[in-house]
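# A structural walkthrough
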Amino acid sequence: MTAQEISKAFVQHYYTTMASNREGLMGLYGDESVLTLETSECRGRNQIMEKILALTYQKIQHDITSIDHQMISSDSVLVVVTGRLKTDDDPPNSFTQTFVLRQGSGGIFIANEVFRVILHNN
């Protein structure tokens, strides 16, 4: 698969699962995965899933604006996603999310992930 095909399939799967069944994301992380969510860093599948499952929203919607990608090596793809995020009845905010996807023995997993909501002061 090309970087574009991997990125497109991954993004669709990730955000659909985040919206419908957060527990289903567990298989995308490995024991050495790292997530930075705003200013909080989590290491390993268990810590990452604890953080994701502790998020307090009931409904989430991601409107994806762009997906950029680059092959890093023969087994790694960099994916950068931008868009708008809406949770529950809160107003939408811009966000950016960056992933490093790696090929492992069980398939593709998230090696590194950084998420940031972009707040603009008026």
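The shown structure was predicted, so the numbers you read here are calculated from the model rather than taken from an experiment. (Residues numbered from 1 in each chain as written. Predicted model: local features only at pLDDT ≥ 70, side-chain atom pairs only at ≥ 80, totals over all residues. Heavy atoms only, no water.)

UniProt tags residues 6-117 as "domain: NTF2" (unreviewed entry). Taken end to end, residues 6-117 is 23% helix and 55% strand, and its first and last C-alpha atoms sit 24 Å apart. (UniProt positions renumbered as here; feature names shortened; annotations may be inferred. Helix = DSSP H or I, 4+ residues; strand = E, 2+ residues; numbered from the N terminus.)

Now for the packing of aromatic side chains. Inspection of the entire model under this criterion finds six aromatic pairs. Here Phe 10 and Phe 99 contribute two aromatic rings whose centre-to-centre distance is 4.8 Å and whose plane-to-plane angle is 75°, an arrangement assigned as edge-to-face. Of this pair, Phe 10 sits in helix α1 (residues 3-20) while Phe 99 sits in strand β5 (residues 93-104), and the two are 89 residues apart along the sequence. Taken as a pair, Phe 10 and Phe 99 share a single burial class, namely buried. Within the aromatic cluster, the residues linked to one another by ring pairs are Phe 10, Tyr 14, Tyr 15, Phe 95, Phe 99 and Phe 115. (Phe/Tyr/Trp six-rings, centres within 6.5 Å; stacked < 30°, edge-to-face > 60°. Buried < 20%, exposed > 50% of the residue type's maximum accessible area, 1.4 Å probe, protein only.)

Sheet architecture is open: six strands sit in the order β2-β1-β6-β5-β4-β3, paired in mixed fashion. With partners counted over all chains shown, the strands left at the sheet margins are β2 (40-43) and β3 (60-73), one partner each. The mean inter-strand angle of the sheet, taken between neighbouring strand axes irrespective of direction, is 15°. Across 10 bridges, the pairing between strand β4 (residues 76-87) and β5 is antiparallel. Bridged to Ser 76 within β5 is Arg 102. Sheet strands in contact with helix α2 (residues 44-54) are β1 (29-37) and β2, and its direction is about 40° off that of β1. (Pairing = 2+ DSSP bridges. Axes fitted to C-alpha atoms, helices over the stretch in contact; angles between N-to-C directions. Contact = heavy atoms within 4.5 Å.)

The phi torsion at Glu 38 lies on the positive side, around 60°, for a residue other than glycine. Phi at Asp 88 takes a positive value of approximately 45°, unusual for a residue other than glycine. Within the element layout of this structure, Asp 88 appears in the loop between β4 and β5.

The next point concerns the side chain of Ser 33. Its place among the elements puts Ser 33 in strand β1. From its side chain, Ser 33 meets the backbone nitrogen of Gly 30 in a polar contact 2.7 Å long. Not counting chain neighbours up to four residues away, the residues in contact with Ser 33 comprise Cys 42, Arg 43, Gly 44, Ile 48, Phe 109, Ile 110 and Ala 111. (Polar contact = N/O pair within 3.5 Å; in protein donor to acceptor, adjacent residues only side chain to side chain.)

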